[in-house]
Amino acid sequence: REHFVHVAAEEVGHGRDADFAVAAEGASLGPYDYTSVMHYQAFAYSVSNRATIVAPTAIGLRSALSAKDVAAVNFMYHGCRRRFARPTCMTSVAGTGPGVVLRPGESFPVDFTALYVDGSAMTVHYTSTAPANRAQWSVANGGSVGDQGSARAVFTAGNADAGQTYVLTAEFRADDGTSVECRADVSVEAVAAQANVALETRGHHGDEVVATSGTITDGYAEYPAQTIDSLEIVGRDCVVTFTHIGVEETAGCAWDYVEIIAHGGGGGGKFCGATPPAPLQLSGSGFTVVMFSDNIFHGTGFDLAFTCGDLTPAPPIATIPPTPAPATLAPQTLSPPTPAPPSPAPPTPAPPPPCVELTTREHNGQRIEAACGWVEDGYELYPDHANEQLTIVGSNCRIHMLFLDIEWQTFCNYDSVMVMSRPQDGAVQMKSCGLPSQPLPSPVQLAGDEFTLFFNSDSSRRYSGFRLYFSCDGGAPLPTLTPPTASPPTPVPPTASPPTPIPPACIELSTQLYNGFTAVGQCGTVEDGYDPKYPIGARDEMTVQGTDCLLEFLMMDIEPHPYCLYDSLDVFDGSGTLVKKVCGLASAPLPAPIQLRGSSFKLIMSSDSSREYSGFKLKFQCQ
């Protein structure tokens, strides 16, 4: 199961842990089925408004038995076994259907399964039109797989595969002479790695470049306020060397920063100040560079150079056998089909032009000409890692925010809706977040002939989103509108129990021992408190009363993830705002110090249901 979904154990309600456990004596019949009538919904038994099951596609639809539900029942019960008078194929690619598209360097598991019920054992025999070292099979060619045949091919795309489509075939042969052939198509995007590229983050928001070497700069003479640009480099085990940095310096780089995020590995971090850091040795399949600034100071930005290895060793091209034209396969739907792009709007009638109804979800990446209209996010609760943008072509537009329910943070660093006029100039006109209980932002008057909306969310909390109205030259002014009803309020965290007595001098604490309590002190240490490793399913939280505290990490060994989605130490300031999610291995550099504001801070140590690590230790010093 862990190959297909992630169970967020910390979000599961009390007494429901057993409902999410994998049966020790269960039998697997066929590939993973996201559409099964037995599959829980994403928010099943959640103690908050966050998902308990994180999946790459829709789950818990429960409208009817899926095709794989029917096949499994037919297999299990004798009265229906006549339907499997010969081996039956149930091939899938996890999360995508029978076909998958990879980029060079990416890997993906392809599952082949066949069911047979007459007691005859089967053997698997496979072929591939791809080079021999591309697919690693879990069962030897000709190996026995019983009457519930299953084999997995982990396919890794190489640079020489760009633009190719391969066919992987697993034939299951029964002792009685019957057989079935399971097939899957694997296509590799035609993306060739570039060398010695010259790039800039300015105006980019997550764009990917496949490269083995080059330079990256912020692209500004002086970066402006409210900059949030990012660029992704696809490569293997990259080395990043800063040649210049001029970014406002604060403890923990809390205000302006350049962040390097390693893809699937470690070695990155946040950087600010005027002294370039030591070269960064990253692991994984590339990195993201983020340039962020708040709304106060400017700086000269950054310049860096990078080198990356090839994504995969490419075999001699002469060894690739001729690629036959694969048969068109009827896909088995594992997830709902991607909605078709909206049909072009009919020709604009004579003035006055009609106002439009748009969503960043449905119209992501589009450029639409309109004089007035409404824009909203388009979700009931917006998902993690939303990264959507919509450009409106219209002159001198005025923006009215009508409804706002987006995770609050002073500079909207976590989730936000942002308006940029002429985004190529990097001019941020509005960046908003907040709850329905807070005042709405004031209307904004734009200049120019177009503007772009950016809607972004991180990986923590989900809210109802936003709705706004825009009116450009020739468009109708803001009509009388009734804002949509706000979603149920975010659950209030439990009230901390009375504080413990003030210990003398510096204090020694642990989240395990002080779980649910408040301690008072100006200095001390905090650790997880488990020996030798923290357990699965841990969720310990404690509060320390102290003014404007500085946290410095002494040890960090928490399951790594680019966004700390599995295990994490969450740091909150005195207002209850999540300041930082921290994770990483003991072999990686320690996280940067965190400067907190307010009269207290809270730590939450949580782990999911998979791996155990040594935990953390930090020291704190308050004013």
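Everything numeric here is computed off the predicted structure, so don't read it as measured data.

## Some details on the pairing of strand β42 (residues 615–621)
- In this sheet, β42 lies alongside strand β35 (residues 523–527) in antiparallel orientation, the contact comprising five bridges. Among the inter-strand pairings, threonine 525 is bridged to a residue of β42, identified as lysine 619.
- Relative to β42, strand β37 (residues 550–557) runs antiparallel, the two being bridged by seven bridges. Bridge pairing links methionine 555 to lysine 617 in β42.

## Quick notes on the pairing of strand β36 (residues 539–545)
- Here three bridges tie strand β34 (residues 518–520) to β36, and the two strands are oriented parallel to one another. Paired with valine 520 across the bridge in β36 is glutamine 545.
- For β36 and strand β41 (residues 600–606), the ladder comprises seven bridges, and the chain directions are antiparallel. Paired with valine 544 across the strands is phenylalanine 601, a residue of β41.

## Structural notes on unusual backbone geometry
- Residue proline 532 follows aspartate 531 across a cis peptide bond; omega there is 5 degrees.
- Here proline 532 lies in the loop between β35 and β36.
- You will see that asparagine 196, though not glycine, has its phi angle at about 55 degrees, which is positive.
- Summarising the element assignment, asparagine 196 is placed in the loop between β12 (179–188) and β13 (197–200).
- What makes asparagine 196 exposed here is its relative accessible area of 68%.
- In this model, histidine 385 sits at a positive phi of 60 degrees, which is unusual for a non-glycine residue.
- Of the residues examined, histidine 385 reaches a relative accessible area of 35% and is grouped as partly exposed.

## Some details on the nonpolar core
- Of all hydrophobic cores here, the largest spans 31 residues; its most connected members are Ile216, Phe242, Ile260, Phe287, Val289, Leu304 and Phe306.
- Listed by contribution, the elements that provide at least two residues to this core are β13, β16 (228–234), β17 (236–246), β18 (257–262), β21 (286–292) and β22 (301–309).
- Non-local contacts of phenylalanine 306, meaning those with residues more than four positions away in its chain, are made with Val197, Ala211, Thr212, Ser213, Gly214, Thr215, Ile216, Ile233, Val239, Val240 and Phe287.
- Within the second largest apolar cluster, 30 residues are counted, among which are Val544, Cys564, Val571 and Cys622.

## Topic: the confidence of the model for the protein chain
- When pLDDT is averaged along the protein chain, the result is 77; 75% of the residues meet or exceed 70.
- In this model residues 312–335 is a low-confidence stretch, pLDDT under 50, and it forms 52 contacts with partners more than four residues away in sequence or in other chains.
- Counting contacts from residues 481–489, a segment whose pLDDT is below 50, to residues more than four positions away or on other chains yields nine contacts.

Definitions and cut-offs
- Residue positions are given per chain, counting from 1 as you read along its sequence in written order.
- pLDDT decides what is reported in this predicted model: residues at 70 or higher carry local features, side-chain atom pairs at 80 or more are listed and counted, and totals for whole chains, interfaces and linings draw on all residues regardless.
- With hydrogens and water excluded, all non-hydrogen atoms of the structure serve as input to the side-chain values.
- DSSP bridges decide pairing: two strands pair if at least two such bridges lie between them.
- Helix numbers and strand numbers start at the N terminus; a helix is a DSSP run of H or I with at least 4 residues, a strand a run of E with at least 2.
- Classification of residues uses two cut-offs on accessible area relative to the type maximum, computed with a 1.4 Å probe and protein chains only: under 20% is buried, over 50% is exposed, and between them is partly exposed.
- Throughout, nonpolar core names a set of buried Ala, Val, Leu, Ile, Met, Phe, Trp, Tyr and Cys residues whose side chains join them through atoms within 4.5 Å.
- By the convention used here, residues are in contact when the closest approach between their heavy atoms is within 4.5 Å.
- On a range of 0 to 100, pLDDT expresses the predictor's confidence in each residue.

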